[in-house]
Amino acid sequence: MKWVTREKVKVDRVACPWLIKKFVDPDAEFVFLPHDTDWANIREGTVYDVPGCELGHHGEQVSFDAILTKYGLTDPALTLLAQIVRAADSHPSNPHPAGEGLRWIAHGLSALGLSDHEILDREFIVYDALLAECRTRAAA
């Protein structure tokens, strides 16, 4: 399946592809389009993390949360990871302290001048590591 979002990925637009590949659609293809794309007229693929879409931000919830909800992903470790992604990507009322470190990593990778796909390739390991730690903490 094709998944479509804005280019110049950082936090949520890296976390979502990781989540999709690991738990929703292992064969997912990601397409990154300019910010001024007419998102309502995208007919091929699932649009995520753009203004006004189902799999986007809603209140304090980020796109990662929307994907968890839509696909019924209720693992406590993913729920904890969502708190970290939310804290790194937006400004929730009660941010998880690990969010700031994730934001630094995401913005640092963006500053390296890599393509969106290169950022995904490099940063997925960060989300693998975060999930491992979230599993440990959620089990405690």
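The sections below set out a description of the structure shown in this document. (Residues numbered from 1 in each chain as written. Predicted model: local features only at pLDDT ≥ 70, side-chain atom pairs only at ≥ 80, totals over all residues. Heavy atoms only, no water.)

This next bit is on the pairing of strand β1 (residues 2-6). Counting buried positions along β1 yields four of five residues, so the element is predominantly enclosed. Pairing analysis gives five bridges linking β1 to strand β2 (residues 29-33), with the strands arranged parallel. When the sheet's bridge partners are listed, Trp3 is paired in β2 with Phe30. As a crossover connection, the stretch from β1 through helix α1 (residues 12-24) into β2 is right-handed. As defined by bridge partners, β1 adjoins strand β3 (residues 46-47) across two bridges and the pair is classed as parallel. Following the sheet pairing, Val4 is matched in β3 by Val47. (Buried < 20%, exposed > 50% of the residue type's maximum accessible area, 1.4 Å probe, protein only. Helix = DSSP H or I, 4+ residues; strand = E, 2+ residues; numbered from the N terminus. Pairing = 2+ DSSP bridges. Right-handed = clockwise from strand over helix to strand, strands pointing away.)

Our focus in this paragraph is the packing of aromatic side chains. Tallying each qualifying case throughout the model produces five aromatic pairs. Seen in terms of ring centroids, Trp18 and Tyr127 are 5.8 Å apart; in terms of plane orientation they differ by 35 degrees. Their pairing is tilted. Of the two residues, Trp18 is situated in helix α1 and Tyr127 in helix α5 (residues 116-139); the sequence distance between them amounts to 109 residues. Classification of Trp18 by relative accessible area gives buried; the value is 0%. Of the residues examined, Tyr127 reaches a relative accessible area of 0% and is grouped as buried. Ring pairing ties together the aromatic residues Trp3, Phe30, Tyr48 and Tyr71, which thus form one cluster. (Phe/Tyr/Trp six-rings, centres within 6.5 Å; stacked < 30°, edge-to-face > 60°.)

You can see Ala98 is positioned in helix α4 (residues 98-111). Once the C-alpha coordinates of Ala98 and Ala88 are considered, the two residues, ten residues apart in sequence, prove to be 7.9 Å apart.

For the rest of this paragraph, the subject is the side chain of Glu123. Its location among the elements puts Glu123 in helix α5. Of the side chains with opposite charge, Arg122 comes closest to the buried, unpaired Glu123, at an N-O distance of 9.9 Å. Excluding anything up to four places from it in sequence, Glu123 contacts Lys10, Val14, Leu102, Ile105, Ala106 and Leu109. (Lys, Arg positive; Asp, Glu negative; His and termini not counted. Salt bridge = Lys/Arg side-chain N within 4 Å of Asp/Glu carboxyl O. Contact = heavy atoms within 4.5 Å.)

What follows deals with the pattern of salt bridges. Close approach of charged atoms allows side chains with opposite charge to pair. Summed over the entire model, instances satisfying the criterion amount to eight salt bridges. With a closest N to O distance of 3.3 Å, Asp49 and Arg6 form a salt bridge. Of this pair, Asp49 sits in the loop between β3 and α2 (63-70) while Arg6 sits in strand β1; the two residues are 43 residues apart in sequence, bridging distant segments of the chain. Residue class for Asp49 comes out buried when judged on its relative accessible area of 4%. Where Arg86 meets Asp65, a salt bridge forms, and the shortest distance between an N and an O atom there is 2.6 Å. Note that Arg86 is positioned in helix α3 (residues 76-89) and Asp65 in helix α2, a separation of 21 residues in sequence. For Asp65, a relative accessible area of 4% corresponds to the buried category. When salt bridges that share partners are traced, they join Arg6, Arg13 and Asp49 into one network.

Reading across the sheet, the three strands line up as β2-β1-β3 and stay open at both edges, with parallel pairing between neighbours. The sheet is open, and its two borders are formed by β2 and β3, each paired with just one other strand.

Purely geometric stuff here, so don't read any function into it on its own.
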